Amino acid sequence: MKAEYLDIGGTRSFVLEEGQGRGVLCLHTAGQNGVQWRDTQSALAARGYRVIVADLPGHGRSEPAAGGPVRDLAEYATWCEELIDLLDLDRPFVVGCSIGGGIALQLAARRGGRLGGAVVMAAHGGSDVPGMSVRGLGRELVDAAAPSRSDRTYFGTRAVVGRSVPAARAELIARMHRREDPQVSTSDLIGWATHDVRAALPTIACPVHLVVGDDDLWVDVRDVRSTAAAISDAQCSVLEGVGHYPMEELEDFAVLLQEWLDDLALRSIGRQREHT
Amino acid sequence: MDDTDSGPYFEDFDVGRVFTGAARTFSADVVAAFAEISGDRAALHTEYGRTRDGRPLVHGPLVLASFFGWHHDLGLSTHVEAAFGTEWDFVAPIHVGDTVTYEMTVTRARRTSGLRSGVIGRHVTVRNQHDQVVQEGRTSALVTARHAVDDGETRLGRSFPTTAWAHALAERLEAAAAFTTATGEWDGTIGLRFGDDTVLFRVYRGRVLECGTRTPHAPTFVLGATDLTWTRLITGPVNDFTGRTMRGEFSVCGSGYEYLRLTSALVALVDEARELARIGSAAPANPVRARAVGEV
């Protein structure tokens, strides 16, 4: 596995690379970092992919974003485009979860024609019923108004890990999620609450696979289904007993992801034939 | 066997127990008959409704009244002496031809001071054939007891939100490290509201100085939910307090800051309430689904 600090969008950014083959860019959830993909990265690389796991600006081992904590997922999408270009990835797949899924969808909307496809987990293209209020999140940014943050992240994570996940695994996920910068995670959540690419969904020019766990209290399955319905080539999978973090919750997630990527690749080839 | 020996007594309605039974369809004839009996012959119920196919609306009180018929059909009314307070929400329309199911959860059980009977509180959820909730109700009844004994001690764990329950919980909280640590630097009063009833816990540095319905100062915050939510939380299979707060089942008044500050203390409090309910009841922690009488 190769670890590098790359200058992306003016931020020294931490990027892990493993394997050879088609590029797969993996994007983490709000406030978290690439460690969420630690089990997936090597397993997927062994299956013939060049797997890139990056820490978004302000997360993990990446330096903070130059303009302060990011409140707009479009900024992260721009950062991802620079990363894809810098690594010279040819028609890569993008896989993201939660805000990472939102960013993946924004990338698909921007440059779907240059992507192999997108796996969008625990995310949708926008909702009429935003789960969080931007005003409330703004108050959370004032430290003195946001007590017991670490405990709330811990118990909040436990509440959205699926019922099929063994207790020890759920505990590990929740404990690791305590490692966050609340300023960064809350700003991420403002980005999530204001994320809305519904107008652009019909123009997405790559196949998309939307994935949602039926124990995910953050995401309404109906919003995911309506997002899928608005995209010309989209599939939707509902994972039983899984919550908001499929790549952390499922032991053999890489196997499942490979199936989805194979399917995206087939559909992508089909699309290219249609256009030639 | 004497007739009065059959059917559930007060002691059989354990808090947390869930009853389900046969579905009921409201035909045009039944709705027309109810219009005659009640005198509510409004066109909405007798001629046309506001649906695309124009089916008239079933009277809301007919569906309520039919709950008591369902209750009787299940054999649950044998020892009911009186019906008490009944509050009913008409959540979504029910049309002629719709089929509903009733689900009744026992949310409270309190033996009367004479010991010969007890008052049980029930939450009733009514769903239509599409599994959509169309009515929700809370209703209590006086039910004869099998034995006139003072079993308050053994029933304590599920006697929320009585003061006796609060005292038993307070005792557990003072012995629970997760609670005393989380409140080790705290000075305030936690209020828990069950439906219309609030019970207070005066906490100072991990100790519960007093509990009951009144304290010299107002509560720092009051955490409130329906009896149904508390019952499911305290008697259900897992402590899913956080998930229930995320789904909007709880409301908070007073200091939101102090409520958030006590996040882990409240999880610990629920853990202790669940343990109290478990050891204080012979019934399993999981709600029991009773089979309808005559159901195959």
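Residues numbered from 1 in each chain as written. Chains lettered and ligands numbered in written order. Predicted model: local features only at pLDDT ≥ 70, side-chain atom pairs only at ≥ 80, totals over all residues.

Secondary structure summary: chain B contains 10 helices and 12 strands in total. Each of the three principal axes of chain B carries a C-alpha extent, and together these read 65 × 50 × 35 Å. Sequence separation of 24 or more characterises 73% of the internal contacts of chain B that already satisfy a separation of 6 or more. (Helix = DSSP H or I, 4+ residues; strand = E, 2+ residues; numbered from the N terminus. Contact = placed C-beta atoms within 7 Å.)

Glancing now at the interface of chain A and chain B. With 10 residues of chain A in contact, the opposing surface of chain B contributes 11 residues. In terms of residue class, the side of chain A that touches chain B is made up of 5 nonpolar, 2 polar and 3 charged. (Nonpolar A, V, L, I, M, F, W, Y, C, P; charged D, E, K, R; others polar.)

So, about the packing of helix α2 (residues 73-86) of chain A against helix α3 (residues 99-111) of chain A. Residues and elements named next belong to chain A. At a minimum axis separation of 9 Å, α2 and α3 run at an interaxial angle of 65°. Taken as axis vectors, α2 and α3 run roughly perpendicular relative to one another. Crossing of α2 against α3: the hand is right-handed. Between α2, through Leu73, Ala74, Tyr76, Ala77, Cys80 and Glu81, and α3, the contact on the second element is made entirely by Ile99, Gly102, Ile103, Gln106, Leu107, Arg110 and Arg111. Across the contact of α2 with α3, the residue classes break down as 8 nonpolar, 2 polar and 3 charged. (Axes fitted to C-alpha atoms, helices over the stretch in contact; angles between N-to-C directions. Parallel < 35°, antiparallel > 145°, perpendicular 65-115°, else oblique. Left-handed = near helix turned anticlockwise from the far one by under 90°.)

Right, let's get into the confidence of the model for chain B. Parts of the prediction with low pLDDT should not have their coordinates interpreted in detail. Residues and elements named next belong to chain B. Mean pLDDT over chain B: 91, with 91% of residues reaching 70 or higher. Taken as a whole, residues 283-296 scores under 50 in pLDDT and shows 26 contacts with residues more than four places along the chain or in a different chain. Scored as a complex, the prediction yields pTM 0.89 and ipTM 0.88. (pLDDT = per-residue confidence, 0-100.)

Residue and element names in this part refer to chain A. Taken as a whole, helix α8 (residues 221-230) has its buried residues at Asp223, Val224, Thr227 and Ala228. What you see down the axis of α8 is that its buried residues fit within an arc of 140°, all on one side. Those residues of α8 that are exposed and angled more than 90 degrees off the buried face are Arg222 and Ala229. Against β7 (208-213) and β8 (234-239) lie the buried residues of α8. (Buried ≥ 20, exposed ≤ 12 C-beta atoms within 10 Å, placed from the backbone. Arc of directions from axis to C-beta.)

Moving on, we come to the UniProt feature "domain: AB hydrolase-1" (unreviewed entry) in chain A. Taking the numbering used here, the UniProt-annotated feature "domain: AB hydrolase-1" (unreviewed entry) corresponds to residues 24-252 of chain A. Across residues 24-252 of chain A one finds 40% helix and 14% strand; the C-alpha atoms that close the span lie 17 Å apart. (UniProt positions renumbered as here; feature names shortened; annotations may be inferred.)

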